[in-house]
Amino acid sequence: MKNVFRVLAICLVFGGVFALSGFTADDNNAAVVIKDTACNVLNGDGGFEFVEGRITVMNNGGVTNFICKGKGVPNSTGQAVKFNFENTGILCNTAGGVTDDWQNVVSASGNVTLHCKVH
């Protein structure tokens, strides 16, 4: 049940945003940028944060990159923190599918970037 919660929690990252935006990508490396939107990321302390920010979607050689950037998330560690599937066991669910190829980096000042790659 714990893993089901983790997958459901990270599903909030991109699920509704791209379904509503009508996103489509082709193989010419086109990028779609959605500003003033929100996504769910991990903060520097390992908790989930819903942040307002920007999402970029790029298709590159059959790999779709979903990138979410935000600011102002808690990070009491005083240093940059990196999360990924290997150290959390959490899957990233995007409009393009579920993937274990992702990383979430939080700077010491609370800037966050979540990058999920769907192959």
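The structure this text deals with has already been given above.
S.K.: Could you give an account of the state of the cysteines, naming the residues involved and the relevant values?
M.R.: Under the definition given, this model contains two disulfides. Here Cys39 engages in a disulfide with Cys68; their sulfurs sit 1.7 Å apart. Placement of the pair is Cys39 in strand β1 (residues 31-42) and Cys68 in strand β3 (residues 63-70), with a sequence separation of 29 residues. The pair formed by Cys39 and Cys68 is uniform in burial state, with each residue classed as buried. Disulfide pairing places Cys92 opposite Cys116 at an S-S distance of 2.1 Å. Disulfide Cys92-Cys116: the torsion about the S-S bond is 85°, which places it as right-handed. Here the residue Cys92 occupies a position in strand β5 (residues 92-94), and Cys116 occupies one in strand β8 (residues 112-118), the gap between them amounting to 24 residues. Of the residues examined, Cys92 reaches a relative accessible area of 0% and is grouped as buried. What connects to what in the protein chain, once the bonded cysteines are numbered by sequence position, is 1-2, 3-4.

S.K.: Could you give an account of the sheet that holds strand β4 (residues 81-84), with specific residues and numbers?
M.R.: Pairing is antiparallel in the open sheet, where six strands are placed in the order β1-β2-β3-β8-β7-β4. Where the open sheet ends on each side, the last strands, each with one partner, are β1 and β4. On average, each strand axis in the sheet is inclined to that of its neighbour by 20°, with strand direction left out of account. Relative to strand β2 (residues 48-60), β1 runs antiparallel, the two being bridged by 11 bridges. Paired with Val33 across the two strands is Thr56, which belongs to β2.

S.K.: An account of the environment of Asn59 is needed here, citing residue identities and associated values.
M.R.: Locating Asn59 in the fold gives a position in strand β2. According to the relative accessible area criterion, Asn59 is buried, its value standing at 8%. For the pair Asn59 and Val118, spaced 59 residues apart in sequence, the C-alpha separation works out to 9.4 Å. At 3.5 Å, the side chain of Asn59 forms a polar contact with the backbone nitrogen of Gly62.

S.K.: How would you sum up the nonpolar core? Please name residues and give values.
M.R.: Ranked by internal contacts, the top residues of the largest apolar core, which has 19 residues, are Cys39, Val41, Cys68, Val73, Trp102, Leu114 and Cys116. Those elements that place two or more of their residues in this core are β1, β2, β3, β4, β7 (102-106) and β8. The element best represented in this core is β8, accounting for four residues.

Cut-off values and rules
- Every residue gets a number counted from 1 within its own chain, in the order that chain's sequence is written.
- Predicted model: local features are reported for residues with pLDDT of at least 70 only, side-chain atom pairs are reported and counted for 80 or more only, and whole-chain, interface and lining totals are derived from all residues.
- In computing side-chain properties, one takes all heavy atoms of the structure into account and sets aside hydrogens as well as water.
- Sulfur atoms of two cysteines make up a disulfide when they are within 2.5 Å.
- Only runs of H or I of at least four residues qualify as helices and only runs of E of at least two qualify as strands under DSSP, and these elements are numbered from the N terminus.
- Residue exposure (1.4 Å probe, protein chains only): buried if accessible area is under 20% of the type maximum, exposed if over 50%, otherwise partly exposed.
- The pairing criterion is simple: DSSP has to find at least two bridges between the two strands.
- Here an axis means a line fitted to C-alpha atoms, over the contact stretch when the element is a helix, while the angle between two N-to-C directions is reported on a 0 to 180 degree scale.
- Counted as a polar contact is a pair of N or O atoms within 3.5 Å, where, for protein atoms, one must be capable of donating a hydrogen and the other of accepting one, and residues adjacent in sequence contribute only when both atoms are in side chains.
- Nonpolar cores are built from buried Ala, Val, Leu, Ile, Met, Phe, Trp, Tyr and Cys residues. Side-chain atoms within 4.5 Å join them into one set.

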